[in-house]
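Architecture and fold: a report
Spelled out from the first residue to the last, the chains are:
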Amino acid sequence: MVLALVLLYGLIALLGRDLGMMSNLFPTIVLIVGMSDIIHILSGFEEEARSGKGVRDSTKPVILKIGKAIFLTSLTTAIGFLTLNTSSMKAIRDFGNEGAMAVMIAFVFSILWVPLLVHQFRLRIPVRGSGMRKKWDDFAGRISRLVKQRPAAILAASAVILGISMAGIQKLNFNNRQVTNIPIDHQLRSDFRFFNDSLGGSRTFEMILTSDEPGGLRDAELLGKMNTLHQYLEARPDISNVVSPVTWYHLVAGIFDRSITFPELPGQEALDRYIDQVPPEFYPKRWKLVNETETMGRFSGRIKDIGRLRVKDINQEIMAQVSALEFPGSIRARISGSDHLIDRGHAHRLENMVQGLLLALLAVGLVIGLVFRSARLMAVSLVVNLF
């Protein structure tokens, strides 16, 4: 399957795509799908050899019988990957499209190369002994009798297993913590815990205030409300190391008036005079708390690794406080930051997982219905996949 992987990565490059964060899964996908196809094809040659046919006479019957089956399984698997295009995340969509290509490339290489090598080298397909055959026949017979004689027992057992599984799903932990991604015995885990416990927390809290008017953040009324919000954040036990536009304006005012203590700010006239004396180069090239036009301000802090859902609750509480402060209509507030984006991405993946699963079930059922021209078989495939 090495050539299949080379072809896949070559196509990805020709299409102008970059290797995404999930591209390292393709070798495993191609190997699993390819080995499954190879086993099916070799089993077909074994059945033909059991009936006395040679390799030359077996090739066409094997492709007719086994080729159709593995083509349909590869096609439905590829369709399953393509349903990932319903995701709002580009990385997931790219993975779905490239995964579909990987599955079909593995099928093409398997259906061409296995018969080619068997035929060209005139390989002798070993036929398993009668003992193994008899054991498999006995097993198949028991399954057949069970299906025919005890359908109610199968349905009851399936219902019990389904009930137990549904109960187990309720205990799934969706409150993901960052530390769970680090191996337990890795040095990085102890470093992470030290940073999380001793330096305020491993997660960042970021909130952005934007104004439609240049210098809008410097308004005295708004500064008073931002000061109240700053003190609210500092008083919260779950947020530490809080800095904000209030920090910035106090820093500037402190340059000219050393008697001011944090979080006290001077009056509007004095603050305007101080800010007007600040040279442009005093502002960082990449703004930290207030940008040069004073249209964007940033509240920032540290949060411990308490889990995605708990952080979501904290963000909602903070935004409720922002609403209660009734900022002017030209001011907008939103939660931001890399950790917030990661959490949103995780939530999108969970939502898309269910949506993509349902869409894949419908797509695969439709393909089976069209191929076999039977609505009943389509219904059977849907029921089996649901269970």
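Here is a short report on the structure shown in this document. A quick note: this is a predicted structure, and the numbers were derived from the prediction, not measured. (Residues numbered from 1 in each chain as written. Predicted model: local features only at pLDDT ≥ 70, side-chain atom pairs only at ≥ 80, totals over all residues. Heavy atoms only, no water.)

**As for empty space enclosed by the protein**
- Following the criterion strictly, the structure yields 1 cavity of 30 Å³ or more and no others.
- There is about 60 Å³ of room inside the largest cavity.
- In this structure, the largest cavity is lined by Arg203, Thr204, Phe205, Glu206, Ile303, Val311, Asn315, Ile335, Ser336, Asp339 and His340.
- Listing elements by their share of the lining of the largest cavity, those giving two or more residues are strand 1 (203-211), helix 11 (308-325), strand 4 (331-336) and helix 12 (338-372). (1 Å grid on protein atoms, 1.4 Å probe; cavity = no way out; pocket = protein on both sides within 12 Å on 5 of 7 lines; lining within 4 Å. Points joined across faces, edges and corners; volume = space filled by probe spheres on them. Helix = DSSP H or I, 4+ residues; strand = E, 2+ residues; numbered from the N terminus.)

**Examining a nonpolar patch on the surface**
- Taken together, the side chains of Leu3, Val108, Leu112, Trp113, Leu116, Leu117, Phe121 and Leu123 present a nonpolar region at the surface, about 750 Å² in accessible area.
- The greatest single-element share of the nonpolar patch, amounting to 5 residues, is contributed by helix 4 (residues 90-120).
- Inspection of the secondary structure assignment puts Leu117 in helix 4. (Patch = residues over 30% accessible without salt bridge, like charges linked within 9 Å, V, L, I, M, F, W, Y side chains within 5 Å. Areas by Shrake-Rupley, 256 points an atom, 1.4 Å probe, with all protein chains shown as cover. Salt bridge = Lys/Arg side-chain N within 4 Å of Asp/Glu carboxyl O.)

**As for the sheet that holds strand 1**
- Here we have 4 strands laid out as an open sheet, ordered 2-3-1-4, and antiparallel in their pairing. Here the strands that pair on one side only, and so sit at the sheet edges, are strand 2 (240-243) and strand 4. Averaged over neighbouring strand pairs, the angle between their axes works out to 15° when direction is ignored.
- Where strand 1 meets strand 4, 6 bridges bridge the pair, whose relative direction is antiparallel. (Pairing = 2+ DSSP bridges. Axes fitted to C-alpha atoms, helices over the stretch in contact; angles between N-to-C directions.)

**Re the nonpolar core**
- Ranked by internal contacts, the top residues of the largest apolar core, which has 35 residues, are Phe205, Tyr249 and Phe327.
- Beyond its immediate stretch of four places on either side in the chain, Tyr249 contacts Leu217, Arg218, Leu223, Leu265, Leu271, Ile275, Val290 and Glu294.
- Of all hydrophobic cores here, the second largest spans 17 residues; its members include Ala78, Phe95, Ala100 and Phe109. (Core = buried A, V, L, I, M, F, W, Y, C linked by side-chain atoms within 4.5 Å. Buried < 20%, exposed > 50% of the residue type's maximum accessible area, 1.4 Å probe, protein only. Contact = heavy atoms within 4.5 Å.)

**Examining the environment of Leu229**
- Mapped onto the secondary structure, Leu229 falls in helix 8 (residues 220-235).
- For the pair Leu229 and Ile331, spaced 102 residues apart in sequence, the C-alpha separation works out to 14 Å.
- Residues contacting Leu229, with those up to four places away along its chain left out, are Met207, Phe299, Gln321, Val322, Leu325 and Phe327.

**Points about the pattern of salt bridges**
- What the rule picks out here adds up to 12 salt bridges.
- The partner of Glu48 in a salt bridge is Lys65, and the shortest N-O contact between them spans 3.1 Å. Taken as a pair, Glu48 in helix 2 (residues 26-50) and Lys65 in helix 3 (residues 55-82) lie far apart in primary sequence, 17 residues in all.
- Judged by its relative accessible area of 5%, Glu48 falls in the buried class.
- Given the relative accessible area of 57%, Lys65 is considered exposed.

**Here's the deal with helix 7 (residues 187-198)**
- Over its 12 residues, helix 7 extends 17 Å from the first C-alpha to the last, a length consistent with the 16 Å expected when each residue adds 1.5 Å.
- Within the sequence span of helix 7, burial applies to Arg189, Phe192 and Asn196. With its buried residues spanning 60° around the axis, helix 7 presents them on a single face. Within helix 7, the exposed residues directed more than 90 degrees away from the buried face are Gln187 and Phe194.
- Residues of helix 7 that are buried make contact with strand 3 (296-303). (Expected span 1.5 Å × (residues − 1). Arc of directions from axis to C-beta.)

**A short note on the packing of helix 1 (residues 2-14) against helix 2**
- Direction vectors running N to C along helix 1 and helix 2 enclose 135°, while the axes themselves pass 10 Å from each other. On the basis of their axis angle, the class for helix 1 and helix 2 is oblique. For helix 1 against helix 2, the interelement crossing comes out right-handed. Of the residues in helix 2, those in contact with Ala4, Leu5, Leu8, Tyr9 and Ile12 of helix 1 are Phe26, Pro27 and Val30.
- The class makeup of the residues in the contact of helix 1 with helix 2 is 8 nonpolar, no polar and no charged. (Parallel < 35°, antiparallel > 145°, perpendicular 65-115°, else oblique. Left-handed = near helix turned anticlockwise from the far one by under 90°. Nonpolar A, V, L, I, M, F, W, Y, C, P; charged D, E, K, R; others polar.)

**Comments concerning the packing of aromatic side chains**
- Across all of its chains, the model carries 4 aromatic pairs by this definition.
- Between Phe71 and Phe107, the ring centres sit 5.6 Å apart and the planes meet at 55°, which makes this aromatic pair tilted. Placement of the pair is Phe71 in helix 3 and Phe107 in helix 4, with a sequence separation of 36 residues.
- Residue classification places Phe107 among the buried positions, given a relative accessible area of 10%.
- With centroids separated by 5.8 Å and ring planes inclined at 75°, the aromatic side chains of Phe81 and Phe95 adopt a geometry described as edge-to-face. Here Phe81 is found in helix 3, whereas its partner Phe95 is found in helix 4, with 14 residues between them in sequence.
- Residue class for Phe81 comes out buried when judged on its relative accessible area of 15%.
- Taken together, the ring pairs in this structure connect Phe26, Phe81 and Phe95 into an aromatic cluster. (Phe/Tyr/Trp six-rings, centres within 6.5 Å; stacked < 30°, edge-to-face > 60°.)

**Section: the side chain of Arg302**
- Note on placement: Arg302 falls in strand 3.
- For the buried Arg302, no salt bridge exists, and the shortest N-O distance to an oppositely charged side chain is 6.0 Å, to Asp339.
- At 3.1 Å, the side chain of Arg302 and the backbone oxygen of Gly201 are in polar contact.
- From its side chain, Arg302 meets the backbone oxygen of Ser202 in a polar contact 3.4 Å long.
- Setting aside chain neighbours within four positions, we find Arg302 in contact with Phe195, Leu199, Gly200, Gly201, Ser202, Arg203, Thr204, Asp238, Ile239, Ser240 and Asn241. (Lys, Arg positive; Asp, Glu negative; His and termini not counted. Polar contact = N/O pair within 3.5 Å; in protein donor to acceptor, adjacent residues only side chain to side chain.)

As far as function goes, none of this settles anything; it's purely spatial.
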